[in-house]
Amino acid sequence: MIKRVFLIVMDSFGCGEAPDAYKFNDEGSNTLRACTTSKFFNAPNLTKLGIFNIDGVGCGKKIDQPIGSYCKMQEVSCGKDTTTGHWEMAGIVSTKPMPTFPNGFPKEIMDKIVKAWGRDYMVNKVYSGTDLLLDHGQEHVKTGKLMVYTSADSVFQIAAHEDVVPLDELYRYCKIARELLCGEYAVGRVIARPFVGTYPNYVRTPHRHDFSLLPPKPTMLNALQNAGKKVISVGKIADIFANYGIDEGHLITDNNNGMDVTLEIQKQDFTGLCFVNLVDFDAKYGHRNNIDGYANAVTEFDKKLGLFMENMRDDDVLIVTADHGCDPSTESTDHSREYVPM
């Protein structure tokens, strides 16, 4: 009898281009393969579970007797972002892609948002978050204008220095934007991107917060709750589901902290699901085209995974998977349309 399920999402850890990758200009993408090219990659526990026994991963070495069940999964939803990937895991297929704004957000919606904010903004373009700080951080600190930007994903992001815009105030601005970004402007997430430091050494803080759309219908999480089971969130899972179907949420500072929190939850006696997202793979390394950093992050995760596996109970189930790809070896810094391992 299964009592506890631990579902760990290695955010963006794809394992090879999906059949429809050409529609997303992602032919040839393979995040797992990119990581294996680095001298910093060492994943004996993922190997034991069978990751290199998955058909078509195109890297690594198969083993004779993997201890896990394994496969690759192809996303059905129209998209390659965090929200659609996690929602699909929980039973929602997004038949239409969430809106993106490659030319920035239209004046009509920005005028409404600024009026509600009572504060001006700047930038409003597709931008790398780290480049944004270098290019516009000084002006933001001087003027107090909020830095609004987006990416290839369906996101509305607000960057602000914590000494200029206190966190509570930044989160309030995000909530206002979330309420107004509906209909044709209903992006998947509004994201608070706080940072600290002085130019040119601005640094993002762990106080990022995602304000997601409410899932359009009940999910696996609600079904578990309705069956009397507990749903525990680690990392940004609660944000992704707008707290819908979550009993208990745990914020984390990075991947290692996320696994430490998960190891502590593993000591608890509960019946239900512990749903974990480890975002560093994607945010710190995939989007930065940092192959060695990504590979090292997998290695560090694999060590914690070994500890987790040692402490598993007979009525536990462990699932390790991903929500999309983000191949750090391609020219693109965006997500990639890939199969994901399971």
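Let me begin by describing the structure that accompanies this report.

1. Regarding the sheet that holds strand β1 (residues 4–10)
Thought 1: Sheet architecture is open: five strands sit in the order β10-β9-β11-β1-β12, paired in parallel fashion. Here the strands that pair on one side only, and so sit at the sheet edges, are β10 (248–250) and β12 (316–321). Direction aside, neighbouring strands of the sheet carry axes that sit 15° apart on average.
Thought 2: Inspection of the sheet shows strand β9 (residues 230–234) paired to β10 by three bridges, in the parallel sense. Its bridge partner being in β10, S233 is matched across the sheet by G249.
Thought 3: Packing of helix α3 (residues 82–89) onto the sheet brings it into contact with β1, β11 (272–278) and β12, and relative to β11 it is tilted by some 160°.
Thought 4: Along the sheet, helix α9 (residues 255–266) contacts β1, β9, β10 and β11; its crossing angle with β1, the most-contacted strand, is approximately 175°.

2. Focus: the nonpolar core
Thought 1: If you look at the biggest cluster of nonpolar residues, it comprises 41 residues, and the most contacted ones within it are F13, L32, L46, V298 and F301.
Thought 2: Within the residue set of this core, elements represented by two or more residues are β1, α1 (31–36), α2 (44–49), β9, α9, β11, α11 (291–310) and β12.
Thought 3: Of the residues forming this core, the biggest block, eight residues, is contributed by α11.
Thought 4: Ignoring any residue separated from it by four or fewer positions in sequence, one finds F301 in contact with I8, M10, L46, M259, L278, F281 and V320.

3. What to know about unusual backbone geometry
Thought 1: For the peptide bond that leads from Y199 to P200, omega is 0°, which places it in the cis range.
Thought 2: Within the secondary structure layout, P200 lies in the loop between β6 (189–196) and β7 (203–204).
Thought 3: Its identity as a non-glycine residue notwithstanding, N243 has a phi of 65°, on the positive side.
Thought 4: By secondary structure assignment, the location of N243 is in the loop between α8 (237–240) and β10.
Thought 5: Among the residues examined, N243 registers a relative accessible area of 51% and is labelled exposed.
Thought 6: Of note, the phi angle at N289 is positive, near 50°, even though the residue is not glycine.
Thought 7: As for its placement among the helices and strands, N289 is situated in the loop between α10 (280–286) and α11.

Reading the values: the criteria
All residue numbers here refer to positions counted from 1 along the written sequence of the relevant chain. In keeping with the predicted nature of the model, local features appear solely for residues at pLDDT of at least 70, side-chain atom pairs appear and are counted solely at 80 or more, and the whole-chain, interface and lining totals rest on all residues. Side-chain numbers here rest on the full set of heavy atoms in the structure, without hydrogens or water. The criterion for strand pairing is that DSSP finds at least two bridges linking the strands in question. Secondary structure follows DSSP: runs of H or I at least 4 residues long count as helices, runs of E at least 2 residues long count as strands, and numbering of each begins at the N terminus. Axis angles are defined between N-to-C directions and span 0 to 180 degrees, where every axis is a line fitted to C-alpha atoms and, for a helix, only to the segment in contact. We call two residues in contact whenever any of their non-hydrogen atoms come within 4.5 Å of each other. Only buried Ala, Val, Leu, Ile, Met, Phe, Trp, Tyr and Cys residues count toward a nonpolar core, and they belong to the same one when joined by side-chain atoms within 4.5 Å. Only protein chains enter the area calculation, which uses a 1.4 Å probe; residues under 20% of their type maximum are buried, those over 50% are exposed, and those in between are partly exposed.

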